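Listed below are the residues making up each chain.
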Amino acid sequence: MLLTLLLVAGWPLARTIWFSFTDARLGRIGENAFVGFDNYLAYFDGQWLGVLADGLWWQSVWNTVWFTLVSVSIETVLGMIIALALNQVFPGRGLFRAIVLIPWAIPTVISARMWNWMLHDQFGVVNDLLMKLGLIAAPIAWTANADTAMWAVVMVDVWKTTPFMALLILAGLQMLPDDLYEAARVDGVHPVRVFFRITLPLIRPALMVAIIFRSLDALRVFDQVYVLTSAASDTMSMSVYARQELVEFQDVGLGSAAATLVFLVIALVIVVTLVAARLRLGEAGER
Amino acid sequence: MRWRRRLGRIGFWLLIAAITVFALFPFYYAVISSFRAGSDLFTVAYWPEAFDPSNYAAVFQRQPFGRNIANSIAVAAAVVTLSLVLSLTAAYSLGRVRFRGRTTLLFTILSVSMFPQVAVLSGLFELIRVFGLYNSLPGLVLANLILTLPFTVWVLTTFMRELPKELEEAAIVDGAGPWTLVWRVFLPLMGPAVVTTGLLAFIVAWNEFLFALTFTLSDEKRTVPVAIALMSGASAYELPWGNIMAASVVVTLPVVVLVLVFQRRIVSGLTAGAVKG
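Below, the structure is looked at part by part. (Residues numbered from 1 in each chain as written. Chains lettered and ligands numbered in written order. Predicted model: local features only at pLDDT ≥ 70, side-chain atom pairs only at ≥ 80, totals over all residues. Heavy atoms only, no water.)

Quick word on the overall build of chain A
Here's step 1: Secondary structure summary: chain A contains 11 helices and two strands in total.
Here's step 2: Classification of the 287 residues of chain A by burial places 52% in the buried group.
Here's step 3: Contacts spanning at least 24 positions in sequence make up 64% of the contacts within chain A whose residues lie at least 6 apart.
Here's step 4: Within the structure as shown, chain A displays about 13500 Å² of accessible surface, and the carbon and sulfur contribution to it stands at 66%. (Helix = DSSP H or I, 4+ residues; strand = E, 2+ residues; numbered from the N terminus. Buried < 20%, exposed > 50% of the residue type's maximum accessible area, 1.4 Å probe, protein only. Contact = heavy atoms within 4.5 Å. Areas by Shrake-Rupley, 256 points an atom, 1.4 Å probe, with all protein chains shown as cover.)

Listed below in structure tokens is the structure:
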């Protein structure tokens, strides 16, 4: 069984890394020659070639990082608010929890399509609403405009994954002991103070886990970018870049090199997190 | 003091209402749009005024959408079954049998679930070509297993660890082998956990896009997300929005029902996968 897992996950990864050192093309993937690091960076005829010399790649890296930072921050704040609301006892809580969960269950592609329609430049409901409220004077082409396209992608992601964030934070909230709050209430501490002085420090571990999970997920974003703006360079993510080289341009070598870089970035984040977690555990153990 | 509390109550309910609207509006708007056909669609409406099912008819006539749904169901069902069978066996060995490097192995499995999908794309592409599974449903099942197996193994292992050891010992004394143990003793006890994990695996397989987009070629082999993403009209600027919304509603409805019915289990499964780790 473990062999299956290794085969299913490990083997393709190993092959991808191997391809990144070859000149394989999609049509003749079997016959390829070893080319060393040429796909990453090469000096040929007076110019630099390879993924690392491609401005579009760096643009996609920047896009992905920006997307991850912005969307995960918004999701954390919104998720926290929703989790605090869900932590209260009120009639209809079960139903409310189910409602909150719905966006999470809708396939990403479909939620991207729904938002795509709502953000439509001429007939979209978002423009209509904003114009009725007098916030904008003329309709905005959300997904076509370079300034707003990335926000559209962030919007879709926030809508879809905030529930996940809220649930993870809620699980952390529910593990907190009640007597602490009882004591704070008796002492007449202001609720806002309670939140920042008691709740936030106590759920920090759960919060960190949620943030890390979401960030790793956001770094490999593909679906909503592909559907909302296809391959526009303003919003291209690392995953979209790699797939474009691989499938559209048929360049398995270059695409694999980009994919390997994506993998390395995410692996690096995982390793750093694990080391940090272990260090903190070590500290806690010494005390 | 009293009016302040009342104000707080009102504020709280306003917050709940705002979150509900935020969560439901896109879906609601897709539903009302899907029932508006022709030029109707090009005026913004907030309330369900029209009830024209022609978009729904068009979706099924203009492309093999019924076939796409059947594909999605077949792939998701196969993925759920395979990953449950495989991960139950794995969870037994990981949760019960002690061996060296068990924790490392568990963490490796967890990190596999954090893999970026593109990283395995070209390797998997070759594998699928070699097996002759390109543009076929079994190929998609194989690809999706990469996504589901790590977390089904992880969640089932955490559940397995919580079961009392005495039960297992009693069964072994009674002469049960490992196979009987897993299928006769653990499976009935883990029923709820298995349902939860199965549901999560189903949702993942149902939503999967990148593999399905890359490993299929013809309309008849596509799964629903790919079919909806590639739906286009006469030109790139003339997307058939009514049809797209109708298709989206058809596909989303079962998932929404699943969530409403099983929300408690989904929540427990999601948090077990993340927090207990």
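What follows continues from the structure just given.
Brief notes about the environment of leucine 189 of chain B
Residue and element names in this part refer to chain B.
Here's step 1: For leucine 189, the position within the fold is in helix 8 (residues 178-189).
Here's step 2: It is 9.4 Å that separates the C-alpha atoms of leucine 189 and methionine 160, two residues lying 29 residues apart in sequence.
Here's step 3: Not counting residues within four places of it along the chain, the set of residues in contact with leucine 189 comprises Leu163 and Leu167.

Looking at the nonpolar core
Here's step 1: Judged by nonpolar contacts, the single largest core of 175 residues is most densely connected at Trp104 of chain A together with Phe65, Met190, Phe209, Phe215, Ile228 and Ile266 of chain B.
Here's step 2: Among the elements that line this core, the one with the most residues is helix 6 (residues 146-174) of chain A, at 15 residues.
Here's step 3: Residue contributions to this core reach at least three from each of two domains, namely domain 1 (2-42) and domain 2 (63-274) of chain B.
Here's step 4: Those residues in contact with isoleucine 228 of chain B that lie beyond four places of it in its chain are Ile110 and Arg113 of chain A together with Phe65, Ile244, Ala247, Ser248 and Val251 of chain B. (Core = buried A, V, L, I, M, F, W, Y, C linked by side-chain atoms within 4.5 Å. Domains from an automatic or database assignment.)

Looking at the packing of helix 4 (residues 102-112) of chain B against helix 6 (residues 137-162) of chain B
All names here are of chain B.
Here's step 1: Contact geometry for helix 4 and helix 6: axes closest at 8 Å, N-to-C directions at 140°. Between helix 4 and helix 6, the interaxial angle falls into the category oblique. Helix 6 is crossed by helix 4, and the crossing has left-handed handedness. Residues Arg102, Leu106, Ile109, Leu110 and Val112 of helix 4 lie in contact with helix 6, whose contacting residues are Pro150, Val153, Trp154, Thr157 and Arg161.
Here's step 2: Looking at the contact of helix 4 with helix 6 residue by residue, the classes come out as seven nonpolar, one polar and two charged. (Axes fitted to C-alpha atoms, helices over the stretch in contact; angles between N-to-C directions. Parallel < 35°, antiparallel > 145°, perpendicular 65-115°, else oblique. Left-handed = near helix turned anticlockwise from the far one by under 90°. Nonpolar A, V, L, I, M, F, W, Y, C, P; charged D, E, K, R; others polar.)

Quick notes on a nonpolar patch on the surface
Here's step 1: A grouping of Leu95 of chain A together with Val257, Leu260 and Val261 of chain B is seen on the molecular surface, where their side chains present a nonpolar patch of about 370 Å² in accessible area.
Here's step 2: It is helix 12 (residues 241-274) of chain B that contributes the most residues to the nonpolar patch, three residues altogether.
Here's step 3: Within the element layout of this structure, leucine 95 of chain A appears in helix 3 (residues 93-105).
Here's step 4: Note on leucine 95 of chain A: relative accessible area 56%, which makes it exposed. (Patch = residues over 30% accessible without salt bridge, like charges linked within 9 Å, V, L, I, M, F, W, Y side chains within 5 Å. Salt bridge = Lys/Arg side-chain N within 4 Å of Asp/Glu carboxyl O.)

Regarding the packing of aromatic side chains
Here's step 1: Throughout the structure, instances matching the rule amount to 10 aromatic pairs over all chains.
Here's step 2: Judged by centre distance (5.6 Å) and plane angle (20°), the rings of phenylalanine 25 of chain B and tyrosine 29 of chain B are stacked. Of this pair, phenylalanine 25 of chain B and tyrosine 29 of chain B both sit in helix 1 (residues 2-34), four residues apart, which is roughly one turn of the helix.
Here's step 3: Relative accessible area serves as the criterion here: at 23%, phenylalanine 25 of chain B is assigned to the partly exposed category.
Here's step 4: Residue classification places tyrosine 29 of chain B among the buried positions, given a relative accessible area of 2%.
Here's step 5: By the ring-pair criterion, three or more aromatic residues cluster together here, those being Phe90 and Phe96 of chain A together with Phe12 and Trp13 of chain B. (Phe/Tyr/Trp six-rings, centres within 6.5 Å; stacked < 30°, edge-to-face > 60°.)

Overview of the packing of helix 5 (residues 121-130) of chain B against helix 6 of chain B
All names here are of chain B.
Here's step 1: Two elements in contact, helix 5 and helix 6, have axes whose closest approach is 10 Å; the angle formed by their N-to-C orientations is 145°. At the point where helix 5 passes helix 6, the crossing takes the right-handed sense. Side by side, helix 5 and helix 6 meet where Leu124, Leu127 and Ile128 of the first sit next to Gly139, Leu142, Ala143 and Ile146 of the second.
Here's step 2: Across the contact of helix 5 with helix 6, the residue classes tally to six nonpolar, one polar and no charged.

Description of the environment of isoleucine 110 of chain A
Here's step 1: Tracing the sequence through the fold places isoleucine 110 of chain A in helix 4 (residues 108-118).
Here's step 2: On the accessibility criterion, isoleucine 110 of chain A (0% relative accessible area) is buried.
Here's step 3: Separated by 117 residues in sequence, isoleucine 110 of chain A and valine 227 of chain A have C-alpha atoms that sit 9.0 Å apart.
Here's step 4: Other than its neighbours up to four places away in sequence, isoleucine 110 of chain A contacts Ile228, Ser248, Val251 and Thr252 of chain B.

Focus on the interface of chain A and chain B
Here's step 1: Listed by partner, the interface residues are 78 residues for chain A and 80 residues for chain B.
Here's step 2: Applying the counting rule to chain A against chain B returns zero salt bridges.
Here's step 3: Linking chain A with chain B are five residue pairs in polar contact (both at pLDDT 80 or more).
Here's step 4: Grouping the amino acids of the side of chain A that touches chain B by side-chain chemistry returns 59 nonpolar, 10 polar and nine charged. (Polar contact = N/O pair within 3.5 Å; in protein donor to acceptor, adjacent residues only side chain to side chain.)

Here we look at helix 10 (residues 238-248) of chain A
Here's step 1: Burial within helix 10 of chain A is extensive, with 10 of its 11 residues counted as buried.
Here's step 2: Among the residues trailing helix 10 of chain A, glutamine 250 of chain A stands out with phi positive, at a value near 60°.

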